[in-house]
Amino acid sequence: MTEQLATRTSTRRVLESLVGIPFTEGNRVDVLRNGEETFPAMLGAISAARHTIDLLWFGWRGGDISHEVAGALAERARNGVRVRVMLDGYGGKHIDRDDLRLLRNSGCTVFFYRPMLSPRMTVWNLRTHRRVLLCDETVALTGGTVIDEAWTGDGLRPGRWRDTAFRVRGPAVNGLRSAFVAAWMQAQVRLPGGLVSEADRFPEISRAGDTSVQVLRTPSQPGWSEAAVAIAALLQTARDTVRVTSPYLRLPRWLRRVVTDAAQRGVHVQLLVGGPHVERPSIHLQGELDFQPLLDAGVEIWRYQPAPLHAKVVTVDGAVAMVGTANFDTRSLALNEQVCLMLDDPAVVRVLDEHFAEDLGRSERVDPDRWRSRGLRRRTFEVAADVVGRPLRGFGAIGLAGRRP
């Protein structure tokens, strides 16, 4: 890697050239840490909407926060705001039925994306993992948050998830709007209305801040996605530091190689993953198969201790970040629809790195020697979890995770 590619400016040029999507200037991106900041921002944007609200969300469950969000959307719909809600057929299947009835009875259009009982078996495993809230076509939110009581709070207790979301103002809102529209139009065979209605104003979006943003809208399809290309480009142009926060660490072979190559050429690579509080232990066991080669290459692996971890953040050299809905694993980079923001702004990245440092202070580092000496029983569980999980994460990602295109 030449020295010219190891600069902030050329990293942006690399991303634009390889992904084929330009950055937009003049955006404001607010980092929302945990539910205690995310949900007030979400409810505030909803209550301020006067024309349109579009919500595309992977996970919606229940609790008081579910009632609040549903109530806020219903109130806007009753006051003449067009409200469209699309939930993934898997991630949103546990929405509170009373909240669902409230939304529909108040005039909100609610649709489940690719229902699990669909006769189209080929799409059962291809989910939309996107989260986009768009209000009045001028402000948007995205991130990993699930609308559920467990996502409220400060992320410092076992029952409260540690997560990060982002509020966006400025031209990048158009990219997030496109992420909603693409999924919504796939549902038009079962929904009334067209691509554009009288409620759509298409306002001119003025400069709101100093952050340059590239919006990636990765589809659910086999092979390499924009997100996969972007993460490979970031790791291969990194010069000093790479910090990754991801709940899951199930790496395709190419990504494991790119991470280890970065560490071996002297980049300080730190990975923060889930610790003792996890929702799906088998998924974490699958990821542990990658620990040893990463540790041997000098990669630091840390496990977050106080609460379940769900944030998805990659920062590089204190200048560029990749955030949004994609985990650091095969499903996110190939099988699920995602929305990711590439942020070119040292000020925003500084905030993310400060949060990362604070999270490390609440984490335990995986010791390479102790990990190497773990027992046969643990190793057996890792292999078994990996074998069982392959059909759900890898077989459909031919060209990205498999040996043959």
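Residues numbered from 1 in each chain as written. Predicted model: local features only at pLDDT ≥ 70, side-chain atom pairs only at ≥ 80, totals over all residues. Heavy atoms only, no water.

(A) Structural context of the environment of Asp136. Relative to the helices and strands, Asp136 resides in the loop between strand S5 (131–135) and strand S6 (139–143). A relative accessible area of 12% places Asp136 in the buried class. Sequence separation of Asp136 and Asp54 is 82 residues, and the distance between their C-alpha atoms is 8.6 Å. Excluding anything up to four places from it in sequence, Asp136 contacts Ala48, Ala49, Arg50, His51, Thr52, Arg201 and Pro203. Engagement of the side chain of Asp136 in a polar contact is seen with the backbone nitrogen of Arg50, the distance being 2.9 Å. (Helix = DSSP H or I, 4+ residues; strand = E, 2+ residues; numbered from the N terminus. Buried < 20%, exposed > 50% of the residue type's maximum accessible area, 1.4 Å probe, protein only. Contact = heavy atoms within 4.5 Å. Polar contact = N/O pair within 3.5 Å; in protein donor to acceptor, adjacent residues only side chain to side chain.)

(B) Region of the structure containing helix H8 (residues 281–288). For H8, the tally of buried residues reaches 6 of 8 residues, placing the bulk of the element in the interior. Listed in full, the buried residues belonging to H8 are Ile283, His284, Leu285, Gln286, Gly287 and Glu288.

(C) A look at the domain arrangement of the protein chain. Domain annotation for the protein chain reports domain 1 (35–152 + 171–205) and domain 2 (212–390). Centre-to-centre, using C-alpha coordinates, domain 1 lies 28 Å away from domain 2. Carbon and sulfur atoms supply 52% of the area buried between domain 1 and domain 2, which totals about 1700 Å² over both sides. Of all residues in domain 1, Leu126, His129 and Arg130 give up the largest surface area on contact with domain 2, accounting jointly for 32% of the area buried on that side. With a closest N to O distance of 2.9 Å, Glu279 and Arg61 form a salt bridge. Counting every contact that joins domain 1 to domain 2 gives 14 residue pairs in polar contact (both at pLDDT 80 or more). Within the residue set of the side of domain 1 that touches domain 2, elements represented by two or more residues are S5, S6 and helix H5 (173–186). Ranked by residue count, the leading element in the side of domain 1 that touches domain 2 is H5, at 6 residues. The residue makeup of the side of domain 1 that touches domain 2, split by class, is 9 nonpolar, 9 polar and 5 charged. (Domains from an automatic or database assignment. Buried area = accessible area lost by both parts, 1.4 Å probe. Salt bridge = Lys/Arg side-chain N within 4 Å of Asp/Glu carboxyl O. Nonpolar A, V, L, I, M, F, W, Y, C, P; charged D, E, K, R; others polar.)

(D) Quick peek at the environment of Leu133. Within the secondary structure layout, Leu133 lies in strand S5. Residue classification places Leu133 among the buried positions, given a relative accessible area of 0%. Residue contacts for Leu133: discarding those within four places in its chain leaves Met42, Ile46, Ile53, Asp54, Leu55, Trp57, Val139, Ala140 and Leu141.

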